[in-house]
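Results of the structural survey
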Amino acid sequence: MSNEQFDKQSKALREFFIFTYFKTKECEINHNDLIQNIIKKAYNDATMMGAYNTLISKELSDESYLAYCNATKLIMGEIYNVKVNRSTQESFDKWHEKTCGKIIGCYDGVNSNKSIFTYGNAQKWLNMALKYLWLLGDLPNDIKEERLHAPIDSYILQKLWNLKAEGVTCSADTFYYKGNSWSKISDYNDYFDLQKVIRDMAEQGGKTVIEQENEAWIEMAIEKKRSLAHKRETKGVKYET
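What counts and how
Residues numbered from 1 in each chain as written. Predicted model: local features only at pLDDT ≥ 70, side-chain atom pairs only at ≥ 80, totals over all residues. Heavy atoms only, no water. Helix = DSSP H or I, 4+ residues; strand = E, 2+ residues; numbered from the N terminus. Buried < 20%, exposed > 50% of the residue type's maximum accessible area, 1.4 Å probe, protein only. Contact = heavy atoms within 4.5 Å. Salt bridge = Lys/Arg side-chain N within 4 Å of Asp/Glu carboxyl O. 1 Å grid on protein atoms, 1.4 Å probe; cavity = no way out; pocket = protein on both sides within 12 Å on 5 of 7 lines; lining within 4 Å. Points joined across faces, edges and corners; volume = space filled by probe spheres on them. Nonpolar A, V, L, I, M, F, W, Y, C, P; charged D, E, K, R; others polar. Phe/Tyr/Trp six-rings, centres within 6.5 Å; stacked < 30°, edge-to-face > 60°. Lys NZ or Arg CZ within 6 Å of the ring centre and 35° of its normal. Axes fitted to C-alpha atoms, helices over the stretch in contact; angles between N-to-C directions. Parallel < 35°, antiparallel > 145°, perpendicular 65-115°, else oblique. Left-handed = near helix turned anticlockwise from the far one by under 90°. Pairing = 2+ DSSP bridges. Core = buried A, V, L, I, M, F, W, Y, C linked by side-chain atoms within 4.5 Å.

**Some points on the overall build of the protein chain**
Check the secondary structure of the protein chain and you find nine helices and two strands. Beginning at the N terminus, the succession of helices and strands in the protein chain can be written as α-α-α-α-α-α-α-β-β-α-α. Taken across its 241 residues, the protein chain has 42% of its residues classed as buried. Nonlocal contacts in the protein chain, meaning residues at least 24 apart in sequence, comprise 68% of its contacts between residues at least 6 apart.

Next up, the structure:
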């Protein structure tokens, strides 16, 4: 394949990816609009399959939407904040923790009785936004691939459970860390403990954390699909007999 053919296919792949995931053509919107669509998709990843939306009643929907709008602006501002120091892994980690805390803070007024937007939700939102930018080759210059965190979700917990990682358990096909599903992790230190485990895995395999996560996520998604297909086939056999 010539360089010209490779560039053409890479451009087509990028266009397909952007349209499929972010519901738009790159040539029809400006860069800021694309980033907003990326953050919106990452928000859906962080909430649609998590505990947050199940806790939002109709009475709280307006407050939740306002919090979402404020958090979206916050995330965009933080990702492209040229004044913040992210020159080392340690400084990136500190920025990540502070940003997750600020995201949660946007939701403080949604429910006065308790915080319903967790570090589990916040890390998934921020990490997925950064992962999509990484996949598109659009990370800001001061955010390096090797410093990115792994988005923690059920597939990653399943992978860690398969590897017998300490603190990860399974019950009725649901995976937990220290007794919490990923969307109910309320302590940043618990989340970061998982990151350290994944970092060790990635280092042993000669990969970055985000590469390790990407491969593990695909592996677990395939395993889940096969498991569901097997269950359907088993039920079908039982029904026929």
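**Observations concerning the pattern of salt bridges**
Using the criterion set out here, one finds 12 salt bridges in the structure. Measuring nitrogen to oxygen at the nearest pair gives 3.7 Å for the salt bridge that ties K124 to D153. Of this pair, K124 sits in helix α6 (residues 119-136) while D153 is found in the loop between α6 and α7 (154-162), placing the two residues 29 residues apart along the sequence. For K124, a relative accessible area of 7% gives the class buried.

**So, the layout of surface pockets**
Its volume calculated, the largest pocket comes out at about 900 Å³. The dominant element in the lining of the largest pocket, judged by the number of residues it contributes, is helix α9 (residues 209-240), at nine residues. Per-class residue counts for the lining of the largest pocket are 17 nonpolar, eight polar and 10 charged.

**As for the packing of aromatic side chains**
This model, assessed by the stated rule, comprises 12 aromatic pairs. One aromatic cluster is present, formed by Y43, Y65, Y68, Y107, F117 and W125 through successive ring pairs. Here the guanidinium or amino end of R86 rests over the ring plane of W95, the centre of that ring lying 4.6 Å away. One Lys or Arg, K124, reaches over the ring of W182 and ends 4.6 Å from the middle of that ring.

**Focus: the packing of helix α4 (residues 61-79) against helix α5 (residues 89-106)**
At a closest axis distance of 8 Å, the pairing of α4 and α5 adopts a crossing angle of 160°. Considered as vectors, α4 and α5 are oriented roughly antiparallel to each other. In this structure, the crossing between α4 and α5 has a hand that is right-handed. For the pair α4 and α5, the contacting residues are A67, N70, A71, L74, I75, E78 and I79 in the first and W95, T99, K102, I103 and C106 in the second. Residue composition of the contact of α4 with α5, by class: eight nonpolar, two polar and two charged.

**Topic: the pairing of strand β1 (residues 168-171)**
Where β1 and strand β2 (residues 174-177) come together, four bridges link them in antiparallel fashion. What sits directly across from V168, in β2, is Y177. Linkage of β1 to β2, two consecutive antiparallel strands, is achieved through a turn of two residues, within which A172 is found at a positive phi near 55°.

**Overview of the nonpolar core**
Within the largest apolar cluster, 58 residues are counted, with the highest numbers of intra-cluster contacts made by I103, Y107, W125 and L130. Of all the secondary structure elements, the ones that give two or more residues to this core are α2 (31-47), α4, α5, α6, α7, β2, α8 (188-205) and α9. Looking at which element gives the most residues to this core, the answer is α6, with 10 residues. With near-sequence residues (within four places) excluded, W125 lies in contact with I39, A42, Y43, A46, Y68, A71, T72, I75, I103, Y107 and F117.

**Digging into unusual backbone geometry**
Even without glycine at this site, K164 takes up a positive phi of about 60°. For A172, which is not glycine, the phi torsion reads 55° and is therefore positive. Its place among the elements puts A172 in the loop between β1 and β2.

**Quick notes on empty space enclosed by the protein**
Empty space left among the atoms is revealed by rolling a probe the size of a water molecule over them. Across all of its chains, the model carries one cavity of 30 Å³ or more by this definition. Reported here for the largest cavity is a volume of approximately 30 Å³. The set of elements that each furnish at least two residues to the lining of the largest cavity consists of α7, α8 and α9. When grouped by side-chain class, the residues that make up the lining of the largest cavity number five nonpolar, one polar and two charged.

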